[in-house]
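Breakdown of the fold
Read off the chains here:
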Amino acid sequence: MAVFVPETTTERAKSLIRQEGAEVFVHGASWHEANERALKPVDADTAFIHPFDDPILWTGHATMIDEVVRAGAAFDAVVLSVGRGGLLSGVADRLARNGLQDIPIIAAETDARRVCQPR
């Protein structure tokens, strides 16, 4: 398995990916550049799993809404820290499936340039 990441990926993240048995390839300054490189070897015999734009991933993220609904918790909004859209898509889908499509979702994306690094 090969995973392509941009140059901004932390050593910790790359290490965790390697622990899962993947070979890590660093390419480009942004996610888009790494993704373009990841798509180059894809052919009829190669599987490409998108890191966030896939209903299979959304389903996993969506389970948190099911858990909250099963617990009987009442809520007026859902607040998310998002990066690329998989979590947001899953939450929106599962709110709708639970008849909660009118619940607002507040999503914010972290600015990686401003994240505090552990000391």
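Above this text sits the structure in question.
Just so you know, these numbers come straight off a predicted model, no measurement behind them.

Topic: helix H3 (residues 55-70)
Given 3.6 residues per helical turn, the α-helix brings residues three or four places apart onto the same face. For H3, spanning 16 residues, the distance from its first C-alpha to its last is 22 Å, which sits close to the expected 22 Å at 1.5 Å a residue. Buried residues of H3: Ala-62, Ile-65 and Asp-66, and no others.

Overview of the environment of Pro-6
Tracing the sequence through the fold places Pro-6 in the loop between strand E1 (2-5) and helix H1 (11-19). As a C-alpha pair, Pro-6 and His-32 span 26 residues in sequence and 8.2 Å in three-dimensional space. In contact with Pro-6, not counting residues within four places along its chain, are Val-26, His-27, Gly-28, Ala-29, Ser-30, Trp-31 and Ala-34.

Looking at the packing of aromatic side chains
Scanning the model with the defined rule gives one aromatic pair in all. Ring geometry for Phe-4 against Phe-25: centres 5.0 Å apart, planes inclined by 20°, an arrangement best described as stacked. One end of the pair, Phe-4, is in strand E1; the other, Phe-25, is in strand E2 (residues 23-26), with 21 residues separating them in the sequence. Of the residues examined, Phe-25 reaches a relative accessible area of 30% and is grouped as partly exposed.

Structural notes on the pattern of salt bridges
In total, this model carries three salt bridges according to the counting rule given. For Lys-14, the salt bridge is made with Glu-11, and the minimal N-O distance between the two is 2.7 Å. Taken together, the positions of Lys-14 and Glu-11, both in helix H1 and three residues apart, correspond to about one turn of that helix. Given a relative accessible area of 55%, Glu-11 falls into the exposed group.

Let's talk about the side chain of Asp-66
Mapping Asp-66 onto the fold places it in helix H3. Judged by relative accessible area, which is 16%, Asp-66 ranks as buried.

What counts as what
- Residues numbered from 1 in each chain as written.
- Predicted model: local features only at pLDDT ≥ 70, side-chain atom pairs only at ≥ 80, totals over all residues.
- Heavy atoms only, no water.
- Helix = DSSP H or I, 4+ residues; strand = E, 2+ residues; numbered from the N terminus.
- Expected span 1.5 Å × (residues − 1).
- Buried < 20%, exposed > 50% of the residue type's maximum accessible area, 1.4 Å probe, protein only.
- Contact = heavy atoms within 4.5 Å.
- Phe/Tyr/Trp six-rings, centres within 6.5 Å; stacked < 30°, edge-to-face > 60°.
- Salt bridge = Lys/Arg side-chain N within 4 Å of Asp/Glu carboxyl O.

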